[in-house]
Amino acid sequence: MIEERRPDDPIRLWVRDGPTVASSEFVERTMRPIPRMRQRGSWRVRLARIGGPASALAGAAIAIALVAAGLGALTGGFDAGSTPVPTPDASRPTFQLELLGNQVGSYRDDPAALTATCRQASDGSWRLLYGGGDPYVSIDLLVVPDAAGGPAAAAAEIFAGPAYLRFDPGLVRGGDPAGRSEASVDIQPGPDATTFVVAATTPDRTTGVDGEPIEVDLTVVCPT
Amino acid sequence: MDEDLVRRAALGDADAFDALGRDRIDRLFGIAIRILRDHHDAEDAVQQALWSAWTDLPSLRDPSRFDAWLYRLLLRACYGAARSRRRRASIVRIEPDLERLPDRVDSDLIADRDALDRAFAALSTEQRAVVVLHHFLDMGLDEIAEVVGVPAGTARSRLHYALRRLRAELDAANRPPAAAAGSDR
């Protein structure tokens, strides 16, 4: 049965009633940051851009990187570092986390979470600690603004629903084997908060060994 | 023309994506606020969908499917928002657009709105989504199925169940008091 859509159907009128225009402030808040966000090229697109014989080289490099990642998973541990005790007066951060790949999911902070702190250390690094929500999400994120004089680096350990991920390509917390993961972080200072937009690709560690690559989008707002 | 913008945006042209996003953001907001019935959650979902669209656009194979793909990202964001707020808030009512209300605003009309608000709140987010796509965007079942990512039969049954529930609530609200009192629901 195809549903009938009479123009005078009260359900149809009720659905169509209400706001149809987003505020200009919201439009700007949404569209302005986009040029600063890094796009994630798929392997397919990257290979197409490289083209020709180079594709084979790139494919080989990817294969080697994946093997190296697997070996690294077998031989290397992950130094999660010490866990600082959250201070009662810490500002409460918010986050949005999206996972794509075998572990698809969207997660946001729960205002009732028992652990939610974000602090800047004297060396300039930032650390987010969060645990709570349903499904349960645990995030331990370290952002170093200018790691080794280069671009900002991010390392994280994340439990989100069934997924478990960790990445540290910038070697700020013990490091990943070369090629295991990629991560970039865009730091956006503001008058009331600093926003971190993290884009990463890292193997799925849910089963305890490195699996298929998972794409991670994490936006954290830390009140200042 | 839009397909050209999509191709350029997929290659990193932020201006092209800006044009695509600004052209669609009102429609995305209209969908999200009708599904989520909350202004802030709707804004968050739209923002998440557009940011995901930009970052993941290089993985879109067919530029002509951009809108369907964008709607799917929005629905995914709406589902996530609904899950995260399930424990903290109930559905809120969207106030009617006073400019578009008919001259006759009587108690029946208010009762209808209240009944629909209640019935809609009881639907799952997935059911609300198909109702909104069908009645707000005038999508057919095949199109809804593609956007939602389910077989056409599933989209049909979701829509059928949701509309049946909304109509039942509407009928109950319009039933004379004596008849309503005599019926067990």
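For the structure, see preceding data.
How each quantity is defined
Residues numbered from 1 in each chain as written. Chains lettered and ligands numbered in written order. Predicted model: local features only at pLDDT ≥ 70, side-chain atom pairs only at ≥ 80, totals over all residues. Heavy atoms only, no water. Pairing = 2+ DSSP bridges. Helix = DSSP H or I, 4+ residues; strand = E, 2+ residues; numbered from the N terminus. Axes fitted to C-alpha atoms, helices over the stretch in contact; angles between N-to-C directions. Contact = heavy atoms within 4.5 Å. Buried area = accessible area lost by both parts, 1.4 Å probe. Salt bridge = Lys/Arg side-chain N within 4 Å of Asp/Glu carboxyl O. Polar contact = N/O pair within 3.5 Å; in protein donor to acceptor, adjacent residues only side chain to side chain. Nonpolar A, V, L, I, M, F, W, Y, C, P; charged D, E, K, R; others polar. Core = buried A, V, L, I, M, F, W, Y, C linked by side-chain atoms within 4.5 Å. Buried < 20%, exposed > 50% of the residue type's maximum accessible area, 1.4 Å probe, protein only.

Engineer: Tell me about the sheet that holds strand β8 (residues 182-189) of chain A, and please be specific about residues and values.
Structural biologist: Adjacent strands of a sheet form backbone hydrogen bonds with each other and so pair up, either parallel or antiparallel. Residues and elements named next belong to chain A. Read across the sheet, five strands follow the order β2-β1-β10-β9-β8 without closing on themselves; strand pairing throughout is antiparallel. Lying at the two open borders of the sheet, with one neighbouring strand each, are β2 (105-108) and β8. Sheet twist, expressed as the mean angle between neighbouring strand axes with direction ignored, is 10°. Of the strand pairs in this sheet, strand β1 (residues 94-100) and β2 are connected by four bridges, and their pairing is antiparallel. In the strand pairing of β2, Gln96 is matched with Arg108.

Engineer: Just give me the short version of the interface of chain A and chain B, but keep the residues and values in it.
Structural biologist: Every contact between the two is made by 50 residues of chain A and, on the other side, 66 residues of chain B. Carbon and sulfur atoms make up 53% of the area that chain A and chain B hide from each other, which totals about 5400 Å². Looking at the side of chain A facing chain B, the largest losses of area belong to Trp14, Gln39 and Arg108 of chain A, adding up to 15% of the total buried there. Summed over the shared surface of chain A and chain B, the result is nine salt bridges. Glu43 of chain B is the partner of Arg29 of chain A in a salt bridge, and the nearest nitrogen-oxygen pair spans 3.1 Å. Connecting chain A to chain B are 20 residue pairs in polar contact (both at pLDDT 80 or more). Grouping the amino acids of the side of chain A that touches chain B by side-chain chemistry returns 20 nonpolar, 11 polar and 19 charged.

Engineer: Got a sec to walk through the nonpolar core? Specific residues and values, please.
Structural biologist: One finds Phe17, Val46, Leu57, Phe66, Leu74 and Leu166 of chain B to be the most contacted residues of the largest nonpolar core, which totals 71 residues. Counting residues per element, this core draws most heavily on helix α4 (residues 66-85) of chain B, which supplies 13 residues. Beyond its immediate stretch of four places on either side in the chain, Leu57 of chain B contacts Gln39 of chain A together with Val6, Ala9, Ala10, Phe17, Ser52, Phe66 and Trp69 of chain B. By size, the runner-up hydrophobic cluster in this structure holds 30 residues, among which are Tyr130, Val137, Ala154 and Leu218 of chain A.

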